Amino acid sequence: MQNTTTVPSRHLPSRTLGALALAGALLLPPVAHASEAREPSEAYRQVCAHCHAPDKAVGPEITIAFPEAAWEARGNYIRNTVRHGRAAMPAFRAAKISDPELEALIQALVSGELDDAPVADASNSEE
């Protein structure tokens with residue numbers, strides 16, 4: 001024998017909840033990811049320099065310029081490695097580095113723009 005108690009429903013019908021959720025979503029301001037994009041040197045400092053800075057020597061140095069003919073292949077390699085990881089390098093989702101930030105970072109890396117990129121910790125840069 002089972003005791004069951006029926007509680008009167010105080011919940012809104014699912015159709016009403018769906019309409020309210022849609023109305024709320026339409027009222028939210030659009031997310032402006034492009035205006036919040038970090039500069040390539042800042043993205044490098046915050047995401048990459050922890051392992052790739054020459055004084056860290058955890059990962060290979062990635063700020064070396066490549067010949068222009070190799071930019072596309074190098075860019076594809078960097079994009080794939082960042083998104084999917086490789087060996088000891090973890091994968092980074094778009095929440096960590098957005099697609100526009102990654103594209104700008106790739107352009108800066110292959111062109112050698114970040115040859116003198118900032119390091120993660122300025123106190124270790126003068127060794």
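Provided above is the structure to which this section pertains.
Computed from a predicted model, the values in this text were never measured in an experiment.

1. Side note on the overall build of the protein
Across its full length, the protein carries four helices and zero strands. Counted from the first residue to the last, the protein has its helices and strands arranged as α-α-α-α. Among the 127 residues that make up the protein, the fraction classed as buried is 25%. Relative to all contacts within the protein whose residues are 6 or more apart in sequence, the contacts with residues 24 or more apart total 56%. Of the roughly 9400 Å² of accessible surface on the protein, a fraction of 57% belongs to carbon and sulfur atoms.

2. Some thoughts on the layout of surface pockets
Approximately 490 Å³ is the volume found for the largest pocket. If you go around the largest pocket, you meet 24 residues; those closest to its centre are His52, Pro60, Ile62, Thr81 and Met89. Mapped onto the lining of the largest pocket, the elements with two or more residues apiece are helix H2 (40-52), helix H3 (71-84) and helix H4 (99-111). Tallied by class, the residues present in the lining of the largest pocket amount to 17 nonpolar, four polar and three charged.

3. Quick notes on the environment of Ala88
As for its position among the elements, Ala88 is in the loop between H3 and H4. Using a relative accessible area of 78% as the deciding quantity, one classes Ala88 as exposed. Put simply, Ala88 and Gly59 are 29 residues apart on the chain and 8.3 Å apart in space, counted from C-alpha to C-alpha.

4. Comments concerning H2
An ideal rise of 1.5 Å per residue puts 18 Å on 13 residues; H2 reaches only 14 Å between its terminal C-alpha atoms. Along its length, H2 reaches its greatest deviation from straightness, about 50 degrees, at Gln46. Looking at the buried positions of H2, the neighbouring elements they touch are H4.

What counts, and at which threshold
- Residues numbered from 1 in each chain as written.
- Predicted model: local features only at pLDDT ≥ 70, side-chain atom pairs only at ≥ 80, totals over all residues.
- Heavy atoms only, no water.
- Helix = DSSP H or I, 4+ residues; strand = E, 2+ residues; numbered from the N terminus.
- Buried < 20%, exposed > 50% of the residue type's maximum accessible area, 1.4 Å probe, protein only.
- Contact = heavy atoms within 4.5 Å.
- Areas by Shrake-Rupley, 256 points an atom, 1.4 Å probe, with all protein chains shown as cover.
- 1 Å grid on protein atoms, 1.4 Å probe; cavity = no way out; pocket = protein on both sides within 12 Å on 5 of 7 lines; lining within 4 Å.
- Points joined across faces, edges and corners; volume = space filled by probe spheres on them.
- Nonpolar A, V, L, I, M, F, W, Y, C, P; charged D, E, K, R; others polar.
- Expected span 1.5 Å × (residues − 1).
- Bend = angle between axes of the 7 residues up to and from the residue.

Read these as spatial facts, not as claims about activity.
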